[in-house]
Amino acid sequence: MREIELEKELERIRNDESYARTLTGIPEGKLTEDCQQVFDYYRKELTENIEAELNRYRSWNKKAESGVPKRYAGCCFGNYHARNESERKWKQSVIDFVETEENDGVLLMTGARGTGKTHLGVSAVRALKGHYVNMEDLIYKVESSLNFKSPQTEEEIFKFYTEVDFLVIDEIGRSLKREKETEILSYILRKRYDNQLPVIVISNLDKEVLVKMLGGAVKDRLDEVAVSIEFKGDSYRILKRKAA
């Protein structure tokens, strides 16, 4: 992942002078005072450039364009603390999906509430500077766009969610407007398939229920490009309440 790679690169430049010299083009051997100043200058410039790029990743989920709610803005892969081997595998599966080159797939994250699905989904948004949306909010956006006073048209909303480079759709299956939810989600998944763009779909529904909800046409596409993780186990939220 780019953020982790940058952190390692920054650490190496700061602590490995031989490596830093290679990057800055300063030859090995004892440095004169002038050469030392040149080396220090370029080394500082390298670290500042990497720090600036790192900050763009670290601050991404706090930006409005990420769509990430304030409660989850600090989530990243680094602070997802796996409690057991299953959770370590879930985390690695999401990282593997994020790191897939020329990714045009779908990752289904389904199962028990409170098991870290949203945390991992938001971590993926941060890693790829993507966009997060809750399904109920997406339905509200689409329905509100039909009002002539809306700043966005329905077409503009669908264009964004079908063309944004990386998308996470959360809380699928909770809306009382199930028919509208299925219609919107099916359309977005079909168009992203056509556009060869990756998406993570998060739901507390069982995988079989979710796929059936989406219908045959979408199921055929999912069979071709989708991978899935089924989350099981105790809820983090319940454990926190018990510990309080």
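Quick caveat: nothing in here was measured; it's all calculated off a predicted structure. (Residues numbered from 1 in each chain as written. Predicted model: local features only at pLDDT ≥ 70, side-chain atom pairs only at ≥ 80, totals over all residues. Heavy atoms only, no water.)

Enquirer: Would you mind going over the overall build of the protein chain in detail, with residue names and values included?
Expert: Within the protein chain, the regular secondary structure consists of eleven helices and five strands. Counting only residues that meet the buried cut, the protein chain has 43% of its 244 residues in that class. By element, 48% of the accessible surface of the protein chain is carried by carbon and sulfur atoms, the whole surface being about 14,300 Å². (Helix = DSSP H or I, 4+ residues; strand = E, 2+ residues; numbered from the N terminus. Buried < 20%, exposed > 50% of the residue type's maximum accessible area, 1.4 Å probe, protein only. Areas by Shrake-Rupley, 256 points an atom, 1.4 Å probe, with all protein chains shown as cover.)

Enquirer: Pulling in residues and values, what's your account of the pattern of salt bridges?
Expert: Side chains carrying opposite charge are able to pair once their charged atoms draw close together. Applying the stated criterion to the full structure yields 15 salt bridges. Glu53 is the partner of Arg2 in a salt bridge, and the nearest nitrogen-oxygen pair spans 3.2 Å. Of this pair, Arg2 sits in helix α1 (residues 2-15) while Glu53 sits in helix α3 (residues 33-58), and the two are 51 residues apart along the sequence. Arg2 sits in the partly exposed class, given a relative accessible area of 38%. For Lys219, the salt bridge goes to Asp223, with nearest N and O atoms at 3.0 Å. Residue Lys219 and its partner Asp223 are both found in helix α10 (residues 216-225); the two are separated by four residues, about one turn of the helix. Ionic contacts of the salt-bridge type, sharing partners, join the residues Arg2, Glu5 and Glu53 into one network. (Salt bridge = Lys/Arg side-chain N within 4 Å of Asp/Glu carboxyl O.)

Enquirer: Describe the packing of aromatic side chains, listing the residues and the values that go with them.
Expert: If you walk through the whole model with that rule in mind, you get four aromatic pairs. With centroids separated by 4.5 Å and ring planes inclined at 45°, the aromatic side chains of Trp90 and Phe231 adopt a geometry described as tilted. Taken as a pair, Trp90 in helix α4 (residues 85-99) and Phe231 in strand β5 (residues 226-231) lie far apart in primary sequence, 141 residues in all. Accessibility assignment for this pair places Trp90 and Phe231 in one class, buried. Against the face of Phe231 rests Lys117, its NZ or CZ located 5.9 Å from the ring centre. The ring centre of Tyr57 lies 4.4 Å from the NZ or CZ of Lys129, which sits over that ring. (Phe/Tyr/Trp six-rings, centres within 6.5 Å; stacked < 30°, edge-to-face > 60°. Lys NZ or Arg CZ within 6 Å of the ring centre and 35° of its normal.)

Enquirer: Go over unusual backbone geometry with me, naming the residues and quoting the values.
Expert: At Glu171, a position not held by glycine, the phi torsion is positive, near 60°. Following the sequence through the fold, Glu171 ends up in strand β3 (residues 167-172). The residue Gln196 is not glycine, and still its phi comes out positive at about 55°. Summarising the element assignment, Gln196 is placed in the loop between α8 (178-194) and β4 (199-203).

Enquirer: Mind laying out the packing of helix α7 (residues 154-163) against α8, listing which residues take part and the relevant values?
Expert: Closest axis-to-axis distance for the α7/α8 pair is 8 Å, and the angle between their directions is 50°. When the axes of α7 and α8 are compared, the pair comes out oblique. The handedness of the crossing between α7 and α8 is right-handed. In this structure, α7 uses Phe158, Tyr161, Thr162 and Glu163 to contact α8, whose residues at the interface are Ile184, Tyr187, Ile188, Lys191 and Arg192. Partitioning the contact of α7 with α8 into residue classes produces five nonpolar, one polar and three charged. (Axes fitted to C-alpha atoms, helices over the stretch in contact; angles between N-to-C directions. Parallel < 35°, antiparallel > 145°, perpendicular 65-115°, else oblique. Left-handed = near helix turned anticlockwise from the far one by under 90°. Contact = heavy atoms within 4.5 Å. Nonpolar A, V, L, I, M, F, W, Y, C, P; charged D, E, K, R; others polar.)

Enquirer: Before we move on, can you summarise the pairing of β4 with the specific residues and values?
Expert: Successive residues of a regular strand alternate their side chains across the two faces of the sheet. Judged by how many residues are buried, β4 sits mostly within the fold: five of five residues are covered. Burial along β4 is two-sided: the residues Val199, Val201 and Ser203 and Ile200 and Ile202 are all buried. In this structure, strand β1 (residues 106-111) lies alongside β4, joined through five bridges in parallel fashion. Paired with Leu107 across the two strands is Ile200, which belongs to β4. One ladder, built from four bridges, connects β3 with β4; its direction is parallel. Across the sheet, the residue bridging to Val168 is Ile200, located in β4. (Pairing = 2+ DSSP bridges.)

Enquirer: Lay out a nonpolar patch on the surface with the relevant residues and their values.
Expert: Taken together, Val38, Tyr41 and Tyr42 make up a surface patch of nonpolar side chains, about 300 Å² in accessible area. One can find Tyr42 in helix α3. In this structure Tyr42 comes out as partly exposed when scored by relative accessible area, which is 38%. (Patch = residues over 30% accessible without salt bridge, like charges linked within 9 Å, V, L, I, M, F, W, Y side chains within 5 Å.)

Enquirer: An account of the confidence of the model for the protein chain is requested, with residue identities and associated values reported.
Expert: Atom-level detail of predicted coordinates should not be read off regions where pLDDT is low. On average, residues of the protein chain score 91 in pLDDT, and 96% of them reach the 70 mark or higher. Averaged pLDDT values over the elements of the protein chain bottom out at 44 in helix α11 (residues 236-243) and peak at 98 in strand β2 (residues 131-134). The low-confidence segment residues 238-244 (pLDDT under 50) makes two contacts with residues lying over four places distant or belonging to another chain. (pLDDT = per-residue confidence, 0-100.)

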